[in-house]
Amino acid sequence: MKIILRVSLFFMICSCAMMPNKPEKINGVSFVASRDSINDTHIKPLLNIQANYVAIMPFGFIRELSHPEIMFNTNRQWFGETKVGVKQYVESLRKHQISIMIKPQIWVRRGEFTGGIKMTSEADWKVLEASYSQFILEYAKVAQEVKADIFCVGTELETFIDNRPEYWKQLIEKIKQVYKGKLTYAANWNEYDRTPFWEQLDYIGMDAYFPVSDEQSPTIEACREGWLKHKPTIKAFSERYDKSILFTEFGYRSVDFAGKEPWRSDRDMNAVNLEAQTNAMQVLFEEFWDEPWFAGGFVWKWFHNHEKSGGLHDDRFTPQNKPVEALIKAQYSKY
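Residues numbered from 1 in each chain as written. Predicted model: local features only at pLDDT ≥ 70, side-chain atom pairs only at ≥ 80, totals over all residues. Heavy atoms only, no water.

Concerning the layout of surface pockets
Sizing a probe to match a water molecule and rolling it over the atoms shows the empty space that remains.
Right, so step 1: Its boundaries defined by the atoms lining it, the largest pocket holds a volume of some 1100 Å³.
Right, so step 2: Looking at the lining of the largest pocket, the element that brings in the most residues is strand β6 (residues 105-108), giving four residues.
Right, so step 3: When the residues that make up the lining of the largest pocket are grouped by side-chain class, the tally is 16 nonpolar, nine polar and nine charged.
Right, so step 4: Size it by volume and the second largest pocket reaches roughly 290 Å³. (1 Å grid on protein atoms, 1.4 Å probe; cavity = no way out; pocket = protein on both sides within 12 Å on 5 of 7 lines; lining within 4 Å. Points joined across faces, edges and corners; volume = space filled by probe spheres on them. Helix = DSSP H or I, 4+ residues; strand = E, 2+ residues; numbered from the N terminus. Nonpolar A, V, L, I, M, F, W, Y, C, P; charged D, E, K, R; others polar.)

A few points about the pairing of strand β3 (residues 59-62)
Right, so step 1: Pairing of β3 with β6 involves four bridges; the strand directions are parallel. Residue pairing in the sheet places Gly60 in a bridge with Ile106 of β6.
Right, so step 2: The pairing of β3 with strand β4 (residues 71-72) spans two bridges and is antiparallel. Bridged to Phe61 within β4 is Met71. (Pairing = 2+ DSSP bridges.)

Focus on the packing of helix α9 (residues 274-288) against helix α10 (residues 323-332)
Right, so step 1: Where α9 contacts α10, the axes come no closer than 9 Å and their chain directions differ by 15°. The pairing of α9 with α10 is recorded here as roughly parallel in orientation. Once α9 is placed against α10, the crossing between them reads as right-handed. Residue-level inspection shows Leu274, Gln277, Thr278, Met281, Gln282 and Phe285 of α9 in contact with α10, the latter providing Pro323, Val324, Leu327, Ile328, Gln331 and Tyr332.
Right, so step 2: Counted by class, the contact of α9 with α10 contains eight nonpolar, four polar and no charged residues. (Axes fitted to C-alpha atoms, helices over the stretch in contact; angles between N-to-C directions. Parallel < 35°, antiparallel > 145°, perpendicular 65-115°, else oblique. Left-handed = near helix turned anticlockwise from the far one by under 90°. Contact = heavy atoms within 4.5 Å.)

Considerations on the pattern of salt bridges
Right, so step 1: Within the structure shown, the criterion is met by 20 salt bridges.
Right, so step 2: As a salt-bridge pair, Arg110 and Glu112 come within 3.6 Å of each other at their nearest N and O atoms.
Right, so step 3: By relative accessible area, which is 33% here, Glu112 ends up partly exposed.
Right, so step 4: The shortest N-O distance in the salt bridge between Arg224 and Glu286 comes to 2.5 Å. You can see Arg224 sitting in helix α7 (residues 220-227) and its partner Glu286 sitting in helix α9, a full 62 residues away along the chain.
Right, so step 5: You can call Arg224 partly exposed: its relative accessible area is 30%.
Right, so step 6: Counted as one network, the salt bridges with shared partners bring together Arg224, Lys231, Glu286, Glu287 and Glu291. (Salt bridge = Lys/Arg side-chain N within 4 Å of Asp/Glu carboxyl O. Buried < 20%, exposed > 50% of the residue type's maximum accessible area, 1.4 Å probe, protein only.)

Printed below as a string of structure tokens:
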């Protein structure tokens, strides 16, 4: 009898050891900076959706696309956009075992696209390089101080990178002297294949606003077919560099034509369509989260004041208080 029990136990242990475990994924949200500090009340909704990562996004500001000087960490900014705010956010989130990516970003006046930042003279390029280095290295030091798990060296700065590739390669080496964790860059969906410094980073970061459907209310089938145009190329890119893909931003607005040009934030797109958002997000999860070459990603975007954010009449990106929030919770609970 003892022999039979021991044999049975042996086979049970072996069977459990042989069962494939789902790899842990980065189940993140892009946490929007606010005027205020945060506390457990603001963090509880993150725990409810089983998020295990948060992107903290301090901001620097420039006047226009051709202006070379970046202003940052000033007393005119919201608390969450500053160094002291970043530290307070990280400290509060860490109490709940939430991992951190620090992702400094640039805001151009009137919300112009950062990918169009371009100087008109060599002198201005040099000023921009010095200003950006000061900005990013300051937050790299903060990332090291708070032991952030990932640091993002830039977000959607394609023209800057196209024109000054050697500067960026040298900048990354300077960042590595300051910060000892994992590095990525948030390349726009149509930029990543010409970004010249992936070898220096740990993750291939993509802001995943890939067009997937022209339908007014995109179906599951249409979104899946749409990903067939992009997914094989993304996988091949991961294999080329032997690095995991990280969606540094992903998400859809709750509007008509949500999958057509997912990057658009135009105010005149205001026809609320919760099903479009949910269908597009469901297919993204189904297509990527089980792939071994995919690290995970950060939903765009999540506000600290949960009970007042999003809702059934909201047409913006946030999933808060919409049907897609339950979908995210179900997905994140699997990993």
